[in-house]
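If you want the building blocks of each chain, they are given just below.
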Amino acid sequence: MKPATPNLKGALDAALAAAKRLAPAAAAFVRLESRRDANLRFARNEVTSSGDVDEATLSVEITLGKRHASSDTNQLDPASIETAVSRAIGMAQVAPEDPEVMPPLGPQRYEKAAPAYDAATASVDAAARAKMAREAMALKQGEDLLLAGFLEHYASREMLGTSAGLRADHQRTGATLSVTARTGDGTGSGWAASLSHRIGDMDQVKVGAVARDKALKSAKPTKLEPGRYTVVLEPAAVAELLISMLFSMDARAADEGRSFFAKAGGGNKIGEQIFGPHITLSSPMGDPLLPIAPFGQDGLALSPMTWIDKGTVKALAYSRYWAQKQGKTPTGIPRGVLLAGGTATTEELFKGVKKGVLITRFWYSRPLDPQTLLVTGLTRDGVFLIEDGAVTRPVNNFRWNESPIQMLKNADAMTKETYRAPLPSDFLTIRVPALRTNEFNLASVSDAV
Amino acid sequence: MELTRRRVLKGTGALAGLALASRAGLADARGLLTDPLLEEVIGRALSAAKKAGATYADIRIVRRRTESIFTRDDHIANVEGNESYGLGVRVIADGAWGFSAASQVAPAAAERAAQLAVEIARANAPLLQRPVQLAPVKAVVDTWQTPLERNPFKISLAEKSDFLLTINGALLKVPGIKHCFSSFQGLGEWKLFASSEGAHVEQDLIRIRPAYTATAIDATSGEFESRNHDISPIQAGWEYVAKSTMLADAPRIGEEAVQKLKSPSVTPGKKHLILVPSHLWLTIHESVGHPTELDRALGYEANFAGTSFLTVDKLSKFQFAAPHLSFYADKTTPTGLATCGYDDDGVKTQKWDVVRNGKFVGYQTTREQAGWINEPQSRGCSYAQDFRSFPFQRMPNVSLEPGSKDLGVKDLIAATDDGILIHGEGSYSIDHQRYNFQFGGQMFYEVKGGKVTRSLRDVAYQASTPDFWKSCDMLGGAREWEMGGSFWDGKGEPGQVNAVSHGCPPARFAQINVLNTSRRKGRG
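Rules used in this analysis
Residues numbered from 1 in each chain as written. Chains lettered and ligands numbered in written order. Predicted model: local features only at pLDDT ≥ 70, side-chain atom pairs only at ≥ 80, totals over all residues. Heavy atoms only, no water. Pairing = 2+ DSSP bridges. Helix = DSSP H or I, 4+ residues; strand = E, 2+ residues; numbered from the N terminus. Contact = heavy atoms within 4.5 Å. Axes fitted to C-alpha atoms, helices over the stretch in contact; angles between N-to-C directions. Buried area = accessible area lost by both parts, 1.4 Å probe. Salt bridge = Lys/Arg side-chain N within 4 Å of Asp/Glu carboxyl O. Buried < 20%, exposed > 50% of the residue type's maximum accessible area, 1.4 Å probe, protein only. Polar contact = N/O pair within 3.5 Å; in protein donor to acceptor, adjacent residues only side chain to side chain. Core = buried A, V, L, I, M, F, W, Y, C linked by side-chain atoms within 4.5 Å. Parallel < 35°, antiparallel > 145°, perpendicular 65-115°, else oblique. Left-handed = near helix turned anticlockwise from the far one by under 90°. Nonpolar A, V, L, I, M, F, W, Y, C, P; charged D, E, K, R; others polar.

Draft legend 1. Region of interest: the sheet that holds strand β10 (residues 312–313) of chain A. Residues and elements named next belong to chain A. An order of β10-β9-β8-β11-β18-β17 is seen for the six strands of this open sheet, with the pairing classed as mixed. In this open sheet, the two strands that pair with only one neighbour each are β10 and β17 (419–420). Bridge count for strand β8 (residues 281–283) against strand β9 (residues 305–309) is three bridges, and the pairing is antiparallel. Residue pairing in the sheet places Ser282 in a bridge with Thr306 of β9. Strands in contact with helix α6 (residues 235–246) are β8, β9, β11 (336–339), β17 and β18 (429–432); relative to β18, the strand with the most contacts, it is inclined by about 120°.

What follows is the structure in structure tokens.
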């Protein structure tokens, strides 16, 4: 029972035509997305809620000289499209001038994108979701566990156009399953997740099993004092801390002295060796491991980028305005980021660790100091002591105060394999390895389980 | 909760009986949606749900408008005006919930959404351990609107942007201020809720969020500090902004950013904290608001937002705070961001205790949840952020009652020998059971011998929730009770945001662990 697919191309043309008719001197940028999102939540070993939502949205930005404004609607009938365009024109006419306004982009040449759309993922129905959830939350006989989780999948088509002739069109799908298992006595908790643009790639039985195993092994944790430890961070933890660094890699904020990447006395840190030679951060294009659109939110063609090459800052993100002002090439905001893996297996990360801590994931990370990128947050869903190269016993959770810069500076081993990490928005796709890092500040004990 | 034809008819019949006068005031908020269309959409959704086998059904038709103006330094950085319409149909079939939503407010789309919602419910029913049971509620036909003087959506863009740019001008005049950002966001939420039990509730809520930040940079050292104005988002009209001291405060806010940059870094250790409402509201939100959510306490949010240390066995037994502290929840306080007439289950909003004389006594609940703790009625906390979202338990306004003595922040300072006074909200983080938290702020002042001596920087405090609230040894009175709030409280999967306010007087907390959050010169 699927509604008719909205005519995005027709809506795009109608919006651009309306802009031309209502304000011939205006430059117009139009973005359309048609999307189906469906999900199933479960908790306490039973389904709790489940939904299926269709929505198409149109966003139009109108620029009149140096004045600009944008307007969104989710009604794609001709009258509503015209209303949205008129509203943007009306707002642009009275908006104060913006000296930083940029003209809309013309036709772009896009890199070949990795396949990101899977028809099977786009057509999953309620019965298939229920079957997957049942398998993810199956308990073994005698297991005293409470399972909670979330299964979601989406299919999206994105279409962009400008009055200067840009046209972009991309389809993608995605599926995520995450499971949290808690022991009946409330002393243990474990978590696992899987993401892919193909729902068929996901192993719901394995995700459930990893979460259950972690919960059982983490039960009745023993006390470990706060302090600076060698830690092995699973990919979800690495990604969460890394993201706070990605957000600060804006060239303008650095050039204006408002970020870690600002150089004392002016300028930015491009060219500086900050990390060891094993740290490389890039945004490849066409990599099947990063199934992303080849254009940014404004339609700008995304080029393959190396942000940090063997420890040296090679690039920061330049908006079109800032690139023009500084005589650089605009990079746009990347949609895919890869922290290159190392050579280790997961087990090898524990090798040689006399006393350390294995951390499953982080929670509630918040910046403390934008200058040093110091972040605070907590551990959750599985923290274990490593002694003499082996994981020995569960320990309490911690609040940590640490910087992604220090995490990468002090990293001395990474897994060869990289993993997609769950993020709050599907605009960005990120892959990271698990890693071992030293002197990690586990600042205080958290009694939470 | 048997769905009968009589009930469906009663529901739609009630529409015809509505006093036109009460709905006329809402016509403007409905936008493109006309009465005959709405009636047809409601009727088609509810009857399609019944026909497909639903034992309960409701529909929410929502129009959501946002307007945002962002400025940077001397110019407008972005202006946006967004509008969306849609309908969401929620059903119970075979004892399970099903939900489907569509962005077309049309009879065919409503019917299709209802059928799909029932299909989903039926597919999920085998994964249930017990059927969903809703606490009874009186089905009402009513309307509710945010009381306001000047609808922000009718104020010209020029007036709003002039106001912001005038503030920026004042900030940039302050020596040392290199950048400033100001913004205004308006959120209009019109919704019509109708259920198979005959409820028909139309509401129009207007919320606004004015804000600005000044950034001071020391070009030589490369160090920078920012100071946000302490104004809170609120449920009100433009009059709140026009009557505020935002513009008059700009020179002071700029000077405070510069002063922060020159301030000495705090020496960590145990200190008394004096926390004023512009700061303390956020601590209440995280450490009182969230742990008293029943779904968290029972594990329903375990996979994302987390659980709560306030488990059901602690209800009416656990000493949560010092005996002179009482917290209440409500969705009725005027200007509160969570305030409305009815929740998204159609339950009339109310006020109740969550902590009385320091003891934990109440949870936040919905119709589905009331029975989980054997309560006869819902507390009216159901909310969905938009048409496409499934309604679930969201936080009401949760506030700290003022103390009985007429104390103000000056009295708290005068009584403190060694402490820190904190204004404004800063960095915040709390664990997934709401025990261990760490909060920063905007401005920090050293208090010595009953006087403010100098400003400090790099301050955060860390504590465990019950220890913190038990350490409260001085509480301000009603005169300085104020509300702060958030536009973006996140919860659920898929994530939804909820706007919520928290009121409190200034208060003092004894011997709290203060940290230094800077790494400059090897600290931290």
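After that view, the rundown keeps rolling.
Draft legend 2. Region of the structure containing the interface of chain B and chain A. At the junction of the two partners, chain B supplies 82 residues and chain A supplies 89 residues. Interface of chain B and chain A: buried area, both sides summed, is about 7100 Å²; carbon and sulfur atoms make up 51% of it. Linking chain B to chain A there are five salt bridges. For Arg388 of chain B, the salt bridge goes to Asp37 of chain A, with nearest N and O atoms at 3.0 Å.

Draft legend 3. Summary view of the pairing of strand β1 (residues 56–72) of chain B. All names here are of chain B. Within β1, 15 of the 17 residues are buried, leaving the element largely enclosed by the surrounding structure. Pairing of β1 with strand β2 (residues 75–93) involves 17 bridges; the strand directions are antiparallel. Note on β2: the bridge partner recorded for Tyr56 is Ile92. Between the antiparallel neighbours β1 and β2 lie two residues, among them Asp73 with a positive phi of about 50°. Pairing analysis gives 15 bridges linking β1 to strand β5 (residues 177–195), with the strands arranged antiparallel. Bridging across to β5, Thr66 finds its partner in Leu187.

Draft legend 4. How the structure looks around unusual backbone geometry. The omega torsion across Glu493 of chain B and Pro494 of chain B is -5°, close enough to zero to call that bond cis. Within the secondary structure, Pro494 of chain B sits in the loop between β22 (482–491) and β23 (496–504). In this structure, Asp381 of chain A is a non-glycine residue whose phi angle is positive, near 65°. For Asp381 of chain A, a relative accessible area of 2% gives the class buried.

Draft legend 5. The arrangement of the side chain of Ser378 of chain B in detail. Counting through the fold element by element, Ser378 of chain B comes out in the loop between α11 (367–370) and β12 (382–383). Only 3.4 Å separates the side chain of Ser378 of chain B from the backbone nitrogen of Arg367 of chain B, close enough to count as a polar contact.

Draft legend 6. Up close: the nonpolar core. By size, the foremost hydrophobic cluster in this structure holds 58 residues, and its most contacted members are Phe320, Phe327 and Trp469 of chain B. Tallying contributions element by element places helix α9 (residues 277–289) of chain B first for this core, with five residues. Non-local contacts of Phe327 of chain B, meaning those with residues more than four positions away in its chain, are made with Ile284, Val288, Phe320, Ala321, Asp353, Val354, Val355, Ser399, Leu400 and Trp469 of chain B. One finds Met245, Phe275, Leu373 and Val375 of chain A within the second-largest nonpolar core, a separate group that totals 57 residues.

Draft legend 7. Up close: the packing of helix α6 (residues 157–172) of chain B against helix α8 (residues 246–262) of chain B. Residues and elements named next belong to chain B. One can describe the packing of α6 onto α8 by two numbers: an axis separation of 8 Å at closest approach and a directional angle of 30°. One way to sum up the angle between α6 and α8 is to call them roughly parallel. The element α6 and its partner α8 pack so that their crossing is right-handed. On α8, the residues that touch Phe163, Thr166, Ile167, Ala170 and Leu171 of α6 are Met246, Leu247, Ala250, Ile253 and Gly254. In terms of residue class, the contact of α6 with α8 is made up of eight nonpolar, two polar and no charged.

Draft legend 8. Focus on the sheet that holds strand β9 (residues 327–330) of chain B. All names here are of chain B. With antiparallel pairing, the four strands of this open sheet are ordered in space as β11-β10-β9-β14. Looking at which strands have only one partner, the edges of the open sheet turn out to be β11 (359–360) and β14 (397–400). In this structure, β9 lies alongside β14, joined through four bridges in antiparallel fashion. Pairing of Asp330 across the sheet is with Asn397, part of β14.

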